[in-house]
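The residues making up each chain are set out below.
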Amino acid sequence: GDVYKRQYYEATFVRISRDIILQEAGNFQAPEFWTNRSSIGDKMKDALDKALMENGANCVSLQMLKIDLPETYENKIVLTQVEVQKKTMKEFEQNATLIRAQLQVDISESNRTIANISAYGLSLIHIS
């Protein structure tokens, strides 16, 4: 009797868990599983805990160890992340170019100031 009850409860909890996790997963876009994994896990745990409590159990912890997404989603996510990284690199390159240009302007202004000071100093020497 106890073994049968245990198997019955276990099967029930597994079914409820699977259904709730799949239901909750459908509330998110594929890229969110990369960007908001922790938040999604928290929401799944809360929903799972609520459903299990209705059946005399509770969810103590939930970890998303592996997320199987359709290959097309995985590829889109990877391409999106690559594009984001390319954009970030392009912005860094543009900032570096601006900094180098500003340094050249600063160097030119410093050289001009040095030349003016040197010319002024030479003119004082020739006047005396």
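Just above, that's the structure.
Model, not experiment: these values are computed from the prediction.

Enquirer: Is there a simple way to explain the overall build of the protein chain in this structure?
Expert: Along the protein chain, the regular secondary structure elements total four helices and zero strands. In sequence order, the secondary structure elements of the protein chain are arranged as α-α-α-α. Its C-alpha atoms give the protein chain a radius of gyration of 33 Å, more than 25% over the compact-globule value 14 Å for 128 residues. For the protein chain, the spread of C-alpha atoms along the three principal axes comes to 115 × 30 × 20 Å. Relative to its full complement of 128 residues, the protein chain shows a buried share of 16%. Partitioning the contacts of the protein chain with sequence separation of at least 6, the portion at a separation of at least 24 is 52%. Carbon and sulfur atoms provide 56% of the accessible area of the protein chain, an area that totals close to 10500 Å². Computed over 15 positive and 17 negative side-chain charges, the separation of the two mean positions in the protein chain equals 1 Å.

Enquirer: Whenever I open this one, the packing of aromatic side chains confuses me. Can you help?
Expert: Any two aromatic rings considered together are summarised by their centre-to-centre distance and by the angle between their planes. Evaluated as defined, the whole model comprises two aromatic pairs. Considering the side-chain rings of Tyr9 and Phe13, the 6.1 Å spacing of their centres and the 20° angle between planes classify their relative orientation as stacked. Here Tyr9 and its partner Phe13 are both found in helix 1 (residues 2-25), four residues apart, which amounts to about one turn of the helix. Here the aromatic rings of Phe28 and Phe33 are separated by 6.2 Å at their centres, their planes lie at 80°, and the arrangement is edge-to-face.

Enquirer: Looking at this model, I keep getting lost on the pattern of salt bridges. Mind explaining?
Expert: Opposite charge on two side chains permits pairing when their charged atoms draw close. One pass over the full model with this rule turns up two salt bridges. Notably, a salt bridge pairs Arg15 with Asp19, separated by 3.9 Å at the nearest N-O pair. Taken together, the residues span about one helical turn, with Arg15 and Asp19 both in helix 1 at a distance of four residues. What makes Arg15 partly exposed here is its relative accessible area of 45%. On the basis of relative accessible area, Asp19 is assigned to the partly exposed category, the value being 40%.

Enquirer: Explain a nonpolar patch on the surface to me, please; I cannot follow it from the model alone.
Expert: A grouping of Trp34, Val78 and Val82 is seen on the molecular surface, where their side chains present a nonpolar patch of about 250 Å² in accessible area. Considering the arrangement of structural elements, one finds Val82 in helix 4 (residues 71-127). A relative accessible area of 33% means that Val82 is categorised as partly exposed.

Enquirer: Looking at this structure, I do not really get helix 3 (residues 37-53). What am I missing?
Expert: Since the α-helix turns once every 3.6 residues, residues separated by three or four places project in the same direction. The end-to-end C-alpha separation of helix 3 is 24 Å, in line with the 24 Å expected for 17 residues at 1.5 Å each. Those residues of helix 3 not exposed but buried are Ile40, Gly41, Met44, Ala47, Leu48, Asp49, Ala51 and Leu52.

Enquirer: I tried to follow the environment of Gly41 on my own but got confused; where do I start?
Expert: Here Gly41 shows up in helix 3. Using a relative accessible area of 9% as the deciding quantity, one classes Gly41 as buried. On a C-alpha basis, the gap between Gly41 and Ile21 in space is 9.4 Å, while along the polypeptide they are 20 residues apart. When sequence neighbours within four positions are dropped, the list of residues in contact with Gly41 reads Leu62 and Met64.

Enquirer: Teacher, can you tell me more about the side chain of Ser17 here?
Expert: As for its placement among the helices and strands, Ser17 is situated in helix 1. Judged by its relative accessible area of 17%, Ser17 is buried. With residues up to four places along the chain from it excluded, the contact list for Ser17 reads Leu48 and Leu52.

Calculation criteria
- Per chain, residue numbering runs from 1 following the sequence as it is written.
- Only residues with pLDDT of at least 70 get local features here, since the model is predicted, and only at 80 or more are side-chain atom pairs given and counted; chain-wide, interface and lining totals rely on the full set of residues.
- As a convention, hydrogens and water are excluded, and side-chain values are obtained from all of the structure's heavy atoms.
- Secondary structure counts use DSSP, requiring at least four H or I residues in a row for a helix and at least two E residues in a row for a strand, with both numbered from the N terminus.
- Values of the radius of gyration come from C-alpha atoms, whereas the globule rule sets the reference at 2.2 Å times the count of residues to the power 0.38.
- Burial status follows relative accessibility: with a 1.4 Å probe on protein chains alone, a residue under 20% of its type maximum counts as buried, one over 50% as exposed, and anything between as partly exposed.
- Note on contacts: a residue pair is in contact if any heavy atoms of the two residues lie within 4.5 Å.
- Calculation of accessible area relied on Shrake-Rupley with a 1.4 Å probe; when residues are assessed, cover is drawn exclusively from the protein chains displayed.
- The convention is simple: Lys and Arg are positive, Asp and Glu are negative, and His and the chain ends are not counted.
- Note that the charge is assigned to NZ on lysines, CZ on arginines, CG on aspartates and CD on glutamates.
- Geometry of aromatic contacts follows a simple scheme: Phe, Tyr and Trp rings, the Trp one being its six-membered ring, pair when their centres are within 6.5 Å, and the pair is stacked under 30 degrees between planes, edge-to-face over 60, tilted otherwise.
- We define a salt bridge as a side-chain nitrogen of Lys or Arg found within 4 Å of a carboxyl oxygen belonging to Asp or Glu.
- Patches here are clusters of residues that have more than 30% relative accessible area and form no salt bridge, with a 9 Å joining cutoff for like charges and a 5 Å cutoff for nonpolar side chains (Val, Leu, Ile, Met, Phe, Trp, Tyr).
- Expected helix span is taken as 1.5 Å per residue step, with the number of steps being one fewer than the number of residues.

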